[in-house]
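In case you want the letters, here they are:
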Amino acid sequence: MNPNTLENYWMPFTANRDFKAGPRMVVSAEGMYYTSEDGRQIMDGAAGLWCANAGHSHPLIVEAIATTAKTLDFAPMFNFGHPEPFRLAGQLAALFPDPLNRIFFANSGSEAVDTALKIALAYHKARGKAGKNRFIGRERGYHGVGFGGISVGGIVANRKQFATHLPGVDHMRHTHDPARNSFTRGAVPHGAELADDLERLVTLHGAETIAAVIVEPVAGSTGVLPPPEGYLQRLREIATRHDILLIFDEVITGFGRMGRATASEYFGVTPDLMTFAKGVTSGTIPMGGVAAAQFIYDAVVENSETPIELFHGYTYSAHPVATAAALAALRAYSEEGMFENAARLEQAWGDAFHGLKDAAHVTDIRTIGLIAGVELASRDGAAGARAVEVMKRAWAKGLMIRVTGDIMALSPPLILSESDIGFMADTLREVLAETA
């Protein structure tokens, strides 16, 4: 490739100058693998970006996309419609825990989060409680890159470059406690009491001002932080007691990542609103959405003083091609038992990555579902540099991983095998040994 052709694209969440000095390009993908520009097979240890849960170029999904693009390229969803999103919403309602049976479609996780926040405000206003307009997020939380998402989010670098946030937002403490919870599998043993931070904020601001609290059941982009045992249950109880809506951001954890349809099912805790994206189409076409409890939908719709009950939506909501991809992805997940495969492999996954405890530079390992976070000691004065070098060396050996700070995050397609797990762990051990 002519290097001059790299300059015009401003890449997202990327060190642009570093990447363009040594590009890592993929040109095709199938199953567990990408093919690099120089013809090498690269195992996908990150499901693209937490999204290619069914593997790449799945025939059912590819066929559905191609067929739909030929027959219905676009359909407006404002006062018109097409049949398939109604069918998809029904299937999602059956898949998600009761009473999350009203589905609003967006096009990404970021849009899904902003949608959920708007629905929460609309719900309280419809009940005559418009003063409940404050949101509570959590430190180290990631909820996309819209202004709503970065406001409730708690990743410092995502917030500090942009001075304008939603007013009135506050944050609970994060749950990361390596002194008590290092090298853990599943929910971590200590920290359920941190859910009481919501009580502190209720005392500070007044429950009458708080619309919703939003958390990731497993914090992903911040470096794989499973919740403490009992934490989500405690958060659910506190939110219910104070008439605060509980929002789970399941953009990463949904659609089999936890060996279940949702992390809500995995942990046995049901929120009032749940965002989804990524795996709903196995990453093939942008799509996201919000699953809302029926009581929320009923309050907004039945109390509306205008024919349009919710003044919100997107040009590409329930786009025909995205809808077709999602229906095909759900079919692939079901017919091929992908969620069950993820659940079956959780033990082997944990065994393999916790086997790296004695590898060079490793300071902590966290696994849950088919997610692993391997934390490395930072270099003096160069936080994150070691993990970036590991990522580049892994790429050279045929493995794609994701890094955030000095944490390596892995979240492969759900079609993987035990031998695939072994390759990932063995490759990382080699790479760590070679990295200063």
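Calculation criteria
Along every chain, residues carry numbers that run from 1 in the direction the sequence is written. Reporting of local features is limited, given that this is a predicted model, to residues whose pLDDT is at least 70; pairs of side-chain atoms are given and counted only at 80 or more, and all residues count toward the totals for whole chains, interfaces and linings. Think of the side-chain values as coming from all heavy atoms in the structure, minus any hydrogens and water. For salt bridges, the criterion is a side-chain nitrogen of Lys or Arg within 4 Å of an Asp or Glu carboxyl oxygen. Accessible area is worked out with a 1.4 Å probe on protein chains only. A residue is then buried under 20% of its type maximum, exposed over 50%, and partly exposed in between. Residue ranges assigned to each domain were obtained from an automatic or database domain assignment. Whether two residues are in contact is decided by their heavy atoms: any pair within 4.5 Å suffices. Put simply, buried area is how much 1.4 Å-probe accessible surface two parts lose in total, over both of them, once they are put together. Any pair of N or O atoms that falls within 3.5 Å is considered a polar contact. Within protein, one atom must be able to donate a hydrogen and the other to accept it, and sequence-neighbouring residues count only if both atoms are side-chain atoms. A helix here means a DSSP run of H or I that spans at least four residues, while a strand means a run of E at least two residues long, and both kinds are numbered starting from the N terminus. In short, DSSP must find at least two bridges between two strands for them to pair. Between N-to-C directions, angles cover 0 to 180 degrees, with each direction set by a line fitted to C-alpha atoms, over the stretch in contact for helices. By convention a nonpolar core is built from buried Ala, Val, Leu, Ile, Met, Phe, Trp, Tyr and Cys residues, the set being connected through side-chain atoms within 4.5 Å. This count recognises Lys and Arg as positive and Asp and Glu as negative, with His and chain-terminal groups excluded.

1. Quick notes on the pattern of salt bridges
Two side chains with opposite charge may pair up if their charged atoms get near one another.
Right, so step 1: Per the stated rule, a full pass over the model turns up 23 salt bridges.
Right, so step 2: The salt bridge involving Arg366 is made with Glu375; its shortest N-O contact spans 2.9 Å.
Right, so step 3: Under the relative-accessibility criterion, Arg366 is labelled buried at 2%.
Right, so step 4: Residues joined by salt bridges that share partners form a network here, namely Arg379, Glu389, Arg393, Lys397, Glu430 and Glu434.

2. Observations concerning the domain arrangement of the protein chain
Right, so step 1: According to the domain assignment, the protein chain contains domain 1 (16–57 + 337–434) and domain 2 (63–335).
Right, so step 2: A separation of 26 Å is found between the C-alpha centroids of domain 1 and domain 2.
Right, so step 3: Taken together, the 39 residues of domain 1 in the interface contact 36 residues of domain 2.
Right, so step 4: Both faces considered, domain 1 and domain 2 share a buried interface measuring about 2900 Å² in area, 59% of it formed by carbon and sulfur atoms.
Right, so step 5: The largest per-residue losses of area from domain 1 upon contact with domain 2 belong to Trp50, Phe339 and Ile368, which jointly make up 26% of the total buried on that side.
Right, so step 6: The tally of links from domain 1 across to domain 2 stands at one salt bridge.
Right, so step 7: Among the salt bridges present, the one from Arg185 reaches Asp351, with a minimum N-O distance of 2.7 Å.
Right, so step 8: If you look at where domain 1 meets domain 2, you find 23 residue pairs in polar contact (both at pLDDT 80 or more).
Right, so step 9: Counting residues per element, the ones that place at least two in the side of domain 1 that touches domain 2 are helix H2 (47–50), helix H14 (338–354), strand E12 (362–368), strand E13 (371–376), strand E15 (402–404) and strand E16 (407–410).
Right, so step 10: The biggest single contributor to the side of domain 1 that touches domain 2 is H14, with nine residues.

3. With respect to the sheet that holds strand E9 (residues 245–249)
Right, so step 1: Pairing is mixed in the open sheet, where seven strands are placed in the order E4-E11-E10-E9-E8-E5-E6. Edge positions in the sheet fall to strand E4 (100–106) and strand E6 (170–172), since each of these pairs with one other strand and no more. Across the sheet, the mean angle separating the axes of adjacent strands is 25° when strand polarity is ignored.
Right, so step 2: As paired elements, strand E5 (residues 134–138) and strand E8 (residues 210–215) share three bridges and run parallel to each other. Within the sheet, the bridge partner assigned to Phe135 lies in E8 and is Ala212.
Right, so step 3: In the packing of helix H9 (residues 197–205) onto the sheet, contacts are made with E5, E6 and E8, and the angle to E6 comes to roughly 150°.

4. Description of the side chain of Thr253
Right, so step 1: With respect to the helices and strands, Thr253 occurs in the loop between E9 and helix H11 (263–267).
Right, so step 2: Among the polar contacts listed, one links the side chain of Thr253 to the side chain of Glu250, at a separation of 2.8 Å.
Right, so step 3: Apart from residues lying up to four places away in sequence, Thr253 is in contact with Pro217, Val218, Met258, Thr262 and Ala263.

5. Some details on the pairing of E12
Right, so step 1: Most of E12 is tucked away: six of the seven residues are buried.
Right, so step 2: With two bridges joining them, strand E7 (residues 184–185) and E12 adopt parallel strand pairing. The residue of E12 that forms the bridge with Thr184 is Arg366.
Right, so step 3: Of the pairings in the sheet, the one linking E12 to E13 comprises six bridges and is antiparallel in character. Along E13, the bridge assignment pairs Asp364 with Glu375.
Right, so step 4: Taken together, E12 and the strand that follows it, E13, pair antiparallel across an intervening segment of two residues, in which Gly369 is found at a positive phi of about 55°.

6. Description of the sheet that holds strand E2 (residues 33–36)
Right, so step 1: Here we have four strands laid out as an open sheet, ordered E1-E2-E3-E14, and mixed in their pairing. The sheet is open, and its two borders are formed by strand E1 (26–30) and strand E14 (399–400), each paired with just one other strand.

7. Comments concerning the nonpolar core
Right, so step 1: Grouped together as the largest cluster of nonpolar side chains are 115 residues, with contacts concentrated most on Leu92 and Phe353.
Right, so step 2: By residue number, the principal contributor to this core is helix H13 (residues 320–335), which donates 11 residues.
Right, so step 3: When residues of this core are assigned to domains, at least three map to each of domain 1 (16–57 + 337–434) and domain 2 (63–335).
Right, so step 4: In this view, Phe353 contacts Ile365, Thr367, Ala372, Val374, Leu410, Ile421, Met424, Ala425 and Leu428; residues no more than four positions away in its chain are not counted.

8. Examining the side chain of Arg134
Right, so step 1: As for its placement among the helices and strands, Arg134 is situated in strand E5.
Right, so step 2: Despite being buried, Arg134 has no salt bridge partner; Asp170 is the closest side chain of opposite charge, sitting 5.7 Å away.
Right, so step 3: Within the structure, the side chain of Arg134 is placed 2.9 Å from the backbone oxygen of Gly168, a separation counted as a polar contact.
Right, so step 4: Those residues in contact with Arg134, other than ones at most four positions away along the chain, are Gly168, His205, Thr209, Ile210, Ala211 and Ala212.

9. Details of the environment of Asp73
Right, so step 1: Take Asp73: it is sitting in the loop between helix H3 (59–71) and helix H4 (83–95).
Right, so step 2: Taking the C-alpha atoms as reference, Asp73 lies 30 Å from Thr5; in sequence the two are 68 residues apart.
Right, so step 3: When near neighbours in sequence (up to four residues on either side) are disregarded, Asp73 contacts Thr68, His319 and Pro320.

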